[in-house]
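# Structural characterization, general
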Amino acid sequence: MAAMQSGNDDLVTKLLHAYDEEDERGLVHGADLDDIFHILGANKERILRALAPEAEKKAELPEGEKKEELPEVERKAELPELLRNIDLAHRQWKERSTQQQQPASSKKKAMAIASVMSDCNPFKSKPSSSPTPPQQDAGAGSGPAISLEDLLKQTKEILGNAGLKEETVYYEWTTSYVDESRIYGWEEDAGNVVDALVGAVNEEEDDQVLFRAAGIAGIHGSGKTALAQKVFVHDRVKDAFPLRLWVCVGPPDHFDRFCLLYRMLDNLGLDTGKLESIVDSAAVVVNAGADEHRRTEAKIGVLLFVLYTTLYKTGYLIVFDDIRAHGGDGGWYSNLTLNPPKDGEWYERLAYGLPKARKSAVLVTCRREEDARIMVRTGGVFRPPEMGVEEGWRLFKREYEAAKKKKEASGWSWKEEEDKLYKELEEMKTEIVGKCLGLPVAIIEAAKGFSVLEHQPGGEDDVAGPAEVKVRGVEEEETSKIQVAQTTPTEPAD
């Protein structure tokens, strides 16, 4: 037993040492093998401790020294087999790499055994329902072919994700484009927002105000952007405002006032190259001298003045989508209904660049209702309603079908009438939409999750049980995503 134990310890060290040497030489291992070794390296101490004899674990340290507490490996009985599989996968990768680097004189010999080796590519994921790879010939002395995809999954299950690099998530800009056929329901809700921006249909002309502001607030994935898009293309909005501008603020431009203003002016048709030289040569900027802070404030003021004069000639609607940080009361986005000061600087508020002389409006979307009220003051603040069962199920079915039909490229065709799982899910649509809280993003993720499952024949209890667990899992996962997510989904948008 002790000899076996020592062998496992040596194997961990040997594997990591070999990988590091290959990495330094610039050899490419492939994403899955890289991830496996990153996890192995990050958990080396945990592995050695889990494999150590009990006597060594209980050995006391010299007085004054503290032993680092490491989380236990719960499935430590599976560690020896996991290490052997990693070693085998690594050796198979080296065999494959050696063959690929053979000189021209060896090519004929390689071609002779190509048919034998074609199924042994360690980079090729092999479909399997269990972590144990299929028994295939992988070359002389290398043993059964190892599916790196399955091995990575097994490694994560036993050791966790420590050591993996966090995937960079890029912000996805929203636009005014909307396919209304993909937004289900919300006709009345969109009409209420339009009334807040344009005025009620039966409103007397004398009662109409020149400038209105409204907000849409809701958690991530609730459909704020989708509702704003529906308002943006509404017929009454098109008739009321000759100019409509969609501005996606988002995390990149929270505090970057220059970028926000230049994007707005660029979309309004101004030459931003010439504009930059005009701003730099403005008297107020030149008079600021070498004081960088004063120069920045002066430039913002000039840009706001240019925006004001550009918009002054016509009525407009501007949508500021996904404002994450308004700056508080008195901040950059606060009280968009204010007129610019007759005396003093303009740089303090975005509101100063928005003229109120003609019938115009702004619509903001953000996550908190109190933030929206700081920006629109007495204007109406609305929340996207939860999707009803029928609308929610239409969205679920669309995403479920799209996920299933992605497999058609491989020659497999999905047919609704033949999908027994879908029929059972349809019977549970009220529960599924309810578990997703009527949130579009949760319904979409639930549909994608169910699309990868296979129908399990059995009684009602056998089917309903797993389905309930799956829906509950989606709900919990999406609730977590909703609270912390930093990105905006594609459709329906935030």
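For the structure itself, look to the data block above.
No experiment lies behind these values; they were computed from the predicted model shown.

### Things to note about the overall build of the protein
- Counting secondary structure elements, the protein contains 21 helices and five strands.
- Across the 494 residues in the protein, those meeting the buried criterion constitute 43%.
- Considering only contacts within the protein whose residues lie at least 6 apart along the sequence, 74% involve residues at least 24 apart.
- Here the protein has roughly 26700 Å² of accessible surface; of this, 50% comes from carbon and sulfur atoms.

### Focus: the nonpolar core
- In this structure, Leu197, Val231, Leu317, Leu363, Phe396, Tyr400 and Leu425 are the most contacted members of the largest nonpolar core, which totals 47 residues.
- Among the nonpolar cores identified, the runner-up in size contains 45 residues, and Leu260, Val302, Cys366 and Val381 belong to it.

### Things to note about the pairing of strand E4 (residues 360-366)
- Burial runs high along E4: seven of the seven residues are buried.
- Burial along E4 is two-sided: the residues Ser360, Val362, Val364 and Cys366 and Ala361, Leu363 and Thr365 are all buried.
- Of the pairings in the sheet, the one linking strand E3 (residues 316-321) to E4 comprises four bridges and is parallel in character. Paired with Phe320 across the bridge in E4 is Val364.

### So, the pattern of salt bridges
- Applying the stated rule across the entire model yields 14 salt bridges.
- The salt bridge partner of Arg368 is Asp371, with a shortest N-O separation of 3.0 Å.
- The class for Asp371 is buried, based on a relative accessible area of 11%.
- One network of salt bridges, in which partners are shared, links Arg75, Glu78 and Glu157.

### Description of the packing of aromatic side chains
- With the rule as written, the count across this model stands at 10 aromatic pairs.
- Their ring planes at 65° and their centres at 5.7 Å tell us that Phe305 and Trp346 sit as a pair that is edge-to-face. Note that Phe305 is positioned in helix H15 (residues 292-311) and Trp346 in the loop between E3 and E4, a separation of 41 residues in sequence.
- Here the aromatic cluster, defined as three or more aromatic residues joined through ring pairs, consists of Trp393, Phe396, Tyr400, Tyr422 and Phe450.

### Topic: the side chain of Arg46
- Looking at where Arg46 falls in the secondary structure, it is placed in helix H3 (residues 44-51).
- Among the polar contacts listed, one links the side chain of Arg46 to the side chain of Asn43, at a separation of 2.6 Å.

### Here we look at the packing of helix H13 (residues 272-281) against H15
- In the contact formed by H13 and H15, the axes pass within 9 Å of each other and the chain directions differ by 125°. One element, H13, and the other, H15, form an angle in the oblique class. Two packed elements cross with a definite hand, and for H13 against H15 that hand is right-handed. Within the contact between the two elements, H13 uses Leu275, Val279 and Asp280 and H15 uses Lys299, Val302, Leu303 and Val306.
- Partitioning the contact of H13 with H15 into residue classes produces five nonpolar, no polar and two charged.

### Some points on helix H17 (residues 389-405)
- Compared with the 24 Å implied by 1.5 Å per residue over 17 residues, the 24 Å span of H17 between its first and last C-alpha is a close match.
- On its buried face, H17 is in contact with helix H18 (420-427), helix H19 (429-435) and helix H20 (440-451).

### Remarks on the sheet that holds strand E1 (residues 211-217)
- Spatially, five strands are ordered E2-E3-E4-E1-E5 in an open sheet, and the strand pairing comes out parallel. The strands lining the two open edges of the sheet, one partner per strand, are strand E2 (243-248) and strand E5 (381-382).
- As paired strands, E1 and E4 are joined by seven bridges and run parallel to one another. Residue pairing in the sheet places Phe211 in a bridge with Ser360 of E4.
- Seen against the sheet, helix H9 (residues 187-198) touches E1, E3, E4 and E5 and runs at an angle of roughly 150° to E1.

### A short note on the environment of Ile183
- Along the chain, Ile183 turns up in the loop between helix H8 (148-159) and H9.
- Overall, the relative accessible area of 8% leaves Ile183 in the buried class.
- Distance from Ile183 to Pro440, taken between C-alpha atoms, is 10.0 Å for residues 257 residues apart in sequence.

### Focus: the packing of H17 against H18
- Following both chains from N to C, one finds H17 and H18 inclined at 165°, their axes separated by 12 Å at the closest point. Accordingly, the angle class assigned to the pair H17 and H18 is roughly antiparallel. Along this stretch, H17 crosses H18, giving a crossing that reads as right-handed. Facing H17, whose interface residues are Trp393, Phe396, Lys397 and Tyr400, H18 presents Leu421, Tyr422, Leu425 and Glu426.
- Its residues assigned to classes, the contact of H17 with H18 comprises six nonpolar, no polar and two charged.

### Quick word on the pairing of E3
- Counting buried residues in E3 gives six out of six residues, a clear majority hidden from the surface.
- Sheet analysis places E2 next to E3, joined by six bridges and oriented parallel. Within E3, the position partnered with Cys248 by the bridge is Asp321.

### A look at the environment of Arg75
- Mapped onto the elements, Arg75 comes out in the loop between helix H4 (54-58) and helix H5 (79-100).
- Spatially, the C-alpha atoms of Arg75 and Leu159 are 8.4 Å apart, while their sequence positions differ by 84 residues.
- Not counting residues within four places of it along the chain, the set of residues in contact with Arg75 comprises Glu157 and Ile158.
- At a separation of 2.9 Å, a polar atom in the side chain of Arg75 contacts the side chain of Glu78.

### Observations regarding H8
- A rise of 1.5 Å per residue sets the reference length of H8, with its 12 residues, at 16 Å; its end C-alpha atoms lie 16 Å apart and thus fit the reference within 8%.
- Turning to H8, its buried residues number three or more, namely Leu148, Asp150, Leu151, Leu152, Gln154, Thr155, Ile158 and Leu159.
- Two residues or fewer past H8, Gly160 is found with a positive phi of approximately 90°.

What counts, and at which threshold
Residues numbered from 1 in each chain as written. Predicted model: local features only at pLDDT ≥ 70, side-chain atom pairs only at ≥ 80, totals over all residues. Heavy atoms only, no water. Helix = DSSP H or I, 4+ residues; strand = E, 2+ residues; numbered from the N terminus. Buried < 20%, exposed > 50% of the residue type's maximum accessible area, 1.4 Å probe, protein only. Contact = heavy atoms within 4.5 Å. Areas by Shrake-Rupley, 256 points an atom, 1.4 Å probe, with all protein chains shown as cover. Core = buried A, V, L, I, M, F, W, Y, C linked by side-chain atoms within 4.5 Å. Pairing = 2+ DSSP bridges. Salt bridge = Lys/Arg side-chain N within 4 Å of Asp/Glu carboxyl O. Phe/Tyr/Trp six-rings, centres within 6.5 Å; stacked < 30°, edge-to-face > 60°. Polar contact = N/O pair within 3.5 Å; in protein donor to acceptor, adjacent residues only side chain to side chain. Axes fitted to C-alpha atoms, helices over the stretch in contact; angles between N-to-C directions. Parallel < 35°, antiparallel > 145°, perpendicular 65-115°, else oblique. Left-handed = near helix turned anticlockwise from the far one by under 90°. Nonpolar A, V, L, I, M, F, W, Y, C, P; charged D, E, K, R; others polar. Expected span 1.5 Å × (residues − 1).

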